[in-house]
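Here is how the chains run, residue by residue.
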Amino acid sequence: MASKRDITVLRRKSAGRKINNTENSEDLSVVPVRRKPRRSLLRVLFRLIIVIAIIIGVVYTWQNWDVIAPEGFIFWINDKLAGGQSGDGFPVEITGGSVLNMSNTKDGLALLTDTSVVVLNSKGGEIMRRQHGFSKPIMRTNDKWILIADTGGGRIRIETRGSTKVEMKINNRIISAAMGSNGGFALATDSTKYTSEVVAYNRQQEKIFHWCDTELTVLDIALSPNGKSMVVVGVMADGGAMKCSLLFFDFDKENPVAEYHSTDLMLFSAEYFPGGTVAAVGDRGLWVFNESGTIQQKHSFEDYQLAGYTVGDRSVAVALRNFGNTDGGTVLTVNSTGDKAYSVPYEGVFRSISPYKTGILLLTSEQLYHTDAAGVIYNENAIRDGRMVCSLGNKMIILGLTSLNEINTVHS
């Protein structure tokens, strides 16, 4: 019988070492097992830093995609190669009667005409012009986004300097629209089954919220700064009287999360302040409310007729005049906290009102008024045929019958 010693053991060769097989087990040598070196603390920390840097880079890219996207980068390169923005400055010749609205956007001054939407840079250079073909167009702007809707019809377009982002046709007739800073938008329409419908979309044109009502006639809507909620104003019949409503919606919930009603005015416009508080303007008063109800300020002007209004980042202002008298009036300004900021008089026939820095611009047949946050009012020389006023960065731009004009001022 063979013994253990007589068994031949075959071994693999180790790298760099030769093992001789012999008959005696005493001649066998023991090869130590190689162990992988432990990862040093420095290497772990280095890899952790790389992972954190990648995460930060991804988050930054996502949050600032509109700035660093190829479209914006190309515009930036083109402007740099051209030595800056192109344009011969103001005045810019334009048929004033064809302009329906003006708004200050990220890329420049947006003009809505009866046939097109046009954007001018700070030097008066035309950087965009696109035809819309709508019969009753309205314009809503936010950051770089320009929404054009055909009220009474069913078509909308969303434009940026680079391209047309959205072209949509819906079955219902559009009453109002809202544009979000993230590219989302919302539409208020009539309905074949309900009195009103409200639909919110993301920038990919996917529905993210849909609400219908059989009683309320929606007059205006606004999207919150974070794009996750919305406010609606409208009117309904209530026992033979008219009742207005201000409704707050959260897109994660089906029904309004807050409701406020009144029978002493008709709210027809709503707009968010950057902090999330809402300014709602009516025919005989204005409200400043928030969703939680901690701010509920009402300011009545039932003894006056509303001539115009504007909502800026810090305040809402209404231009008022006496009933039966178009010459002269008062501007009432309310802060985003709901407190009255100031009330100042103006002379001449009201033409236009617009936000400007921390105050407002007010254009009348006599002159251009400019106020600051404290209500200090300055008189600026204005063209006599001025129709509309709007800010363009720090510039004051007045639309006349035949041209756009820049108003120079020494006031801050």
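The structure presented is a predicted model; accordingly, all values stated were derived computationally and were not measured.

**Overview of the pattern of salt bridges**
As a working rule, side chains carrying opposite charge can pair if their charged atoms are close by.
Turning to step 1, where the next piece is worked out: Using the criterion set out here, one finds six salt bridges in the structure.
Turning to step 2, where the next piece is worked out: One salt bridge connects Glu159 with Arg130, and the closest N-O pair in it is separated by 2.9 Å. Taken together, the positions of Glu159 in strand E8 (residues 155-159) and Arg130 in strand E5 (residues 126-131) put the pair 29 residues apart, joining distant regions of the chain.
Turning to step 3, where the next piece is worked out: A relative accessible area of 1% means that Glu159 is categorised as buried.
Turning to step 4, where the next piece is worked out: Among the ionic pairs, Glu167 bridges to Arg157, the shortest N-O distance being 3.2 Å. Of this pair, Glu167 sits in strand E9 (residues 164-169) while Arg157 sits in strand E8, and the two are 10 residues apart along the sequence.

**Considerations on the sheet that holds strand E28 (residues 377-380)**
Turning to step 1, where the next piece is worked out: Taken together, seven strands build an open sheet; the order of strands is E22-E23-E24-E25-E26-E27-E28 and the sheet is antiparallel. Each end of this open sheet is capped by a strand with a single partner; those strands are strand E22 (305-311) and E28. Looking at each pair of strands side by side, their axes are set apart by 25° on average, direction ignored.
Turning to step 2, where the next piece is worked out: Sheet analysis places strand E27 (residues 368-371) next to E28, joined by four bridges and oriented antiparallel. Paired with His370 across the bridge in E28 is Tyr378.

**Examining the packing of aromatic side chains**
Turning to step 1, where the next piece is worked out: Tallied over the entire structure, the rule returns eight aromatic pairs.
Turning to step 2, where the next piece is worked out: With a centroid separation of 4.8 Å and an interplanar angle of 55°, the aromatic rings of Trp211 and Phe249 are classed as tilted. Residue Trp211 is found in strand E13 (residues 207-213), and its partner Phe249 is found in strand E16 (residues 241-250); the two are separated by 38 residues along the sequence.
Turning to step 3, where the next piece is worked out: Judged by relative accessible area, Phe249 falls into the buried class, the value being 0%.
Turning to step 4, where the next piece is worked out: Here the aromatic rings of Phe248 and Tyr260 are separated by 6.0 Å at their centres, their planes lie at 90°, and the arrangement is edge-to-face. Residue Phe248 is located in strand E16, and its partner Tyr260 is located in strand E17 (residues 258-262); the two are separated by 12 residues in the primary sequence. Both residues of the pair, Phe248 and Tyr260, count as buried.

**A closer look at the side chain of Ser191**
Turning to step 1, where the next piece is worked out: Residue position: Ser191 is located in the loop between strand E11 (185-189) and strand E12 (196-201).
Turning to step 2, where the next piece is worked out: On the basis of relative accessible area, Ser191 is assigned to the buried category, the value being 16%.
Turning to step 3, where the next piece is worked out: Within the structure, the side chain of Ser191 is placed 3.2 Å from the backbone nitrogen of Lys193, a separation counted as a polar contact.
Turning to step 4, where the next piece is worked out: Of note is the side chain of Ser191, whose polar atom sits 2.6 Å from the side chain of Glu197.
Turning to step 5, where the next piece is worked out: In contact with Ser191, not counting residues within four places along its chain, are Asn172 and Glu197.

What counts as what
- Residues numbered from 1 in each chain as written.
- Predicted model: local features only at pLDDT ≥ 70, side-chain atom pairs only at ≥ 80, totals over all residues.
- Heavy atoms only, no water.
- Salt bridge = Lys/Arg side-chain N within 4 Å of Asp/Glu carboxyl O.
- Helix = DSSP H or I, 4+ residues; strand = E, 2+ residues; numbered from the N terminus.
- Buried < 20%, exposed > 50% of the residue type's maximum accessible area, 1.4 Å probe, protein only.
- Pairing = 2+ DSSP bridges.
- Axes fitted to C-alpha atoms, helices over the stretch in contact; angles between N-to-C directions.
- Phe/Tyr/Trp six-rings, centres within 6.5 Å; stacked < 30°, edge-to-face > 60°.
- Polar contact = N/O pair within 3.5 Å; in protein donor to acceptor, adjacent residues only side chain to side chain.
- Contact = heavy atoms within 4.5 Å.

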